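So you can see what is in the structure, the chains are spelled out below.
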Amino acid sequence: MGGDFMDIILREWRLSDAEDIYLLANNKKIADNLRDSFPFPYTYDDAVNYIRLCIENEGKGQCCRAIEVDGKAVGSIGIFLMKDVYRKSAEVGYWLGEPYWGRGITTNALLQICEYAFNKFDIVRIFAECYAYNKGSRRALEKAGFVLEGIKRKSIYKNGKIYDSCMYALVR
């Protein structure tokens, strides 16, 4: 995979992670690549509330993990089970602190969480939708074995502009 942090750990969230997450998540570059539910500015209270939600909803149709590097939470990754006719599918979502970009960490986290999800849940497909302009996210997905299924034209409205998004999936 290449990169200087190959020993990343995916682990359950702890409230003690709030300070590290707040410091990394309060970054417009991260917020610009995520859904509007990810706030900017990102406050310490946002970090605490996010971590609490992850802890409270664990096993209730989702699995959220801290991405730990060198003993510190540096990002988040989660699997979200779909319902109804989509119940054999799950969505994966993630973000990583900017100082850790370009080191293979997201790809490693994707590989780990997808293996876990396929073993734990009765699913056959994990998908991710990222903004077409987010080359780093697209590359991480592709390196983790996800296949581009299509471009959803003009599907995203973010910061007053309309963008295309890319639908990726990993199937077993």
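Our subject is the structure listed above.
The written sequence of each chain sets the order in which its residues are numbered from 1. This being a predicted model, a pLDDT of at least 70 is required before a residue's local features are given, and a value of 80 or more before pairs of side-chain atoms are given or counted; all residues contribute to the totals for chains, interfaces and linings. Heavy atoms from the whole structure form the basis of all side-chain values; hydrogens and water molecules are not counted.

Asks: Which parts of the structure should I look at to understand the overall build of the protein?
Replies: Within the protein one finds five helices and seven strands. Mapped from its N terminus to its C terminus, the protein presents α and β elements in the order β-α-α-α-β-β-β-α-β-α-β-β. Here the globule rule reads 2.2 Å times residues to the power 0.38, and the radius of gyration is calculated from C-alpha atoms. Computed over C-alpha atoms, the radius of gyration of the protein comes to 15 Å, within 12% of the 16 Å expected from 2.2 N^0.38 for 172 residues, which places it in the range of a compact globule. Counting every position in the protein, which comprises 172 residues, the buried fraction comes to 45%. Working rule for contacts: check all heavy atoms of both residues, and any pair within 4.5 Å makes them a contact. Put simply, of all contacts in the protein between residues at least 6 apart along the chain, 62% involve residues at least 24 apart. Shrake-Rupley sampling with a 1.4 Å probe provides the accessible areas, and residues are treated as covered by the protein chains on show and by no other component. A total of about 9400 Å² of accessible surface is found on the protein, and carbon and sulfur atoms cover 52% of it. Of the side-chain charges in the protein, 25 are positive and 23 negative, and the distance between the mean point of each set is 6 Å. Under the DSSP-based scheme used, a helix requires at least four consecutive residues in state H or I and a strand at least two consecutive residues in state E, with every element numbered from the N terminus. Only protein chains enter the area calculation, which uses a 1.4 Å probe; residues under 20% of their type maximum are buried, those over 50% are exposed, and those in between are partly exposed. When charges are counted, neither His nor the chain ends are considered; positive counts come from Lys and Arg and negative counts from Asp and Glu. Charged groups are reduced to one reference atom each: NZ for lysine, CZ for arginine, CG for aspartic acid, CD for glutamic acid.

Asks: Looking at this structure, I do not really get the packing of aromatic side chains. What am I missing?
Replies: To describe a pair of aromatic rings, you give the distance between the ring centres and the angle between the ring planes. Note on aromatic pairs: the rings of Phe, Tyr and Trp (six-membered ring only in Trp) are paired at centre separations within 6.5 Å, and the planes decide the class, stacked below 30 degrees, edge-to-face beyond 60, tilted for the rest. Summed over the entire model, instances satisfying the criterion amount to seven aromatic pairs. Geometrically, the ring pair formed by Y22 and Y44 is edge-to-face, given 6.4 Å between the ring centres and 85 degrees between the ring planes. Here Y22, found in helix 1 (residues 18-25), pairs with Y44, found in helix 3 (residues 44-57); they are 22 residues apart in sequence, far enough to count as distant. According to the relative accessible area criterion, Y22 is partly exposed, its value standing at 25%. For Y44, a relative accessible area of 40% corresponds to the partly exposed category.

Asks: What exactly am I supposed to notice about unusual backbone geometry here?
Replies: With the exception of glycine, the majority of residues adopt a negative phi angle, and the majority of peptide bonds are in the trans configuration. Following F40, the chain continues to P41 via a peptide bond in cis, the omega torsion being 0 degrees. Residue position: P41 is located in the loop between helix 2 (28-31) and helix 3. In this structure, D84 is a non-glycine residue whose phi angle is positive, near 60 degrees. Residue N159 is not a glycine yet carries a positive backbone phi of 55 degrees. Looking at the element boundaries, N159 is found in the loop between strand 6 (147-158) and strand 7 (161-171).

Asks: For this particular structure, what's the right way to read the pairing of strand 4 (residues 89-96)?
Replies: Consecutive side chains along a regular strand alternate between the two faces of the sheet. For strand 4, a buried count of seven out of eight residues is recorded, marking the element as mostly surrounded by other parts of the structure. For strand 3 (residues 72-81) and strand 4, the ladder comprises seven bridges, and the chain directions are antiparallel. What sits directly across from F80, in strand 4, is E91. Note: strand 4 against strand 5 (residues 125-131), three bridges, orientation parallel. Residue pairing in the sheet places E91 in a bridge with F127 of strand 5. The β-α-β motif built from strand 4, the intervening helix 4 (residues 105-120) and the parallel element strand 5 has right-handed crossover chirality. When DSSP finds two or more bridges between two strands, those strands count as paired. Orient the strands so they point away from the viewer, and a crossover whose first-strand-to-second-strand path over the helix runs clockwise is right-handed.

Asks: Help me out: how do you make sense of the sheet that holds strand 1 (residues 9-11) in this one?
Replies: The pairing of strands in a sheet happens through backbone hydrogen bonds and is either parallel or antiparallel. Here seven strands make up an open sheet; going across it, the order is 1-2-3-4-5-7-6 and the pairing mixed. Single-partner strands in this sheet number two, and they are strand 1 and strand 6. Across the sheet, the axes of successive neighbouring strands diverge by a mean angle of 30 degrees, strand direction being ignored. Bridge count between strand 2 (residues 62-69) and strand 3: eight bridges; the pairing is antiparallel. Bridging across to strand 3, E68 finds its partner in A73. Axis geometry follows a simple rule: fit a line to the C-alpha atoms, using only the stretch in contact for helices, then measure angles between N-to-C directions, giving values from 0 to 180 degrees. Set on the sheet, helix 3 makes contact with strand 2 and strand 3; between it and strand 2 the angle comes to about 130 degrees.

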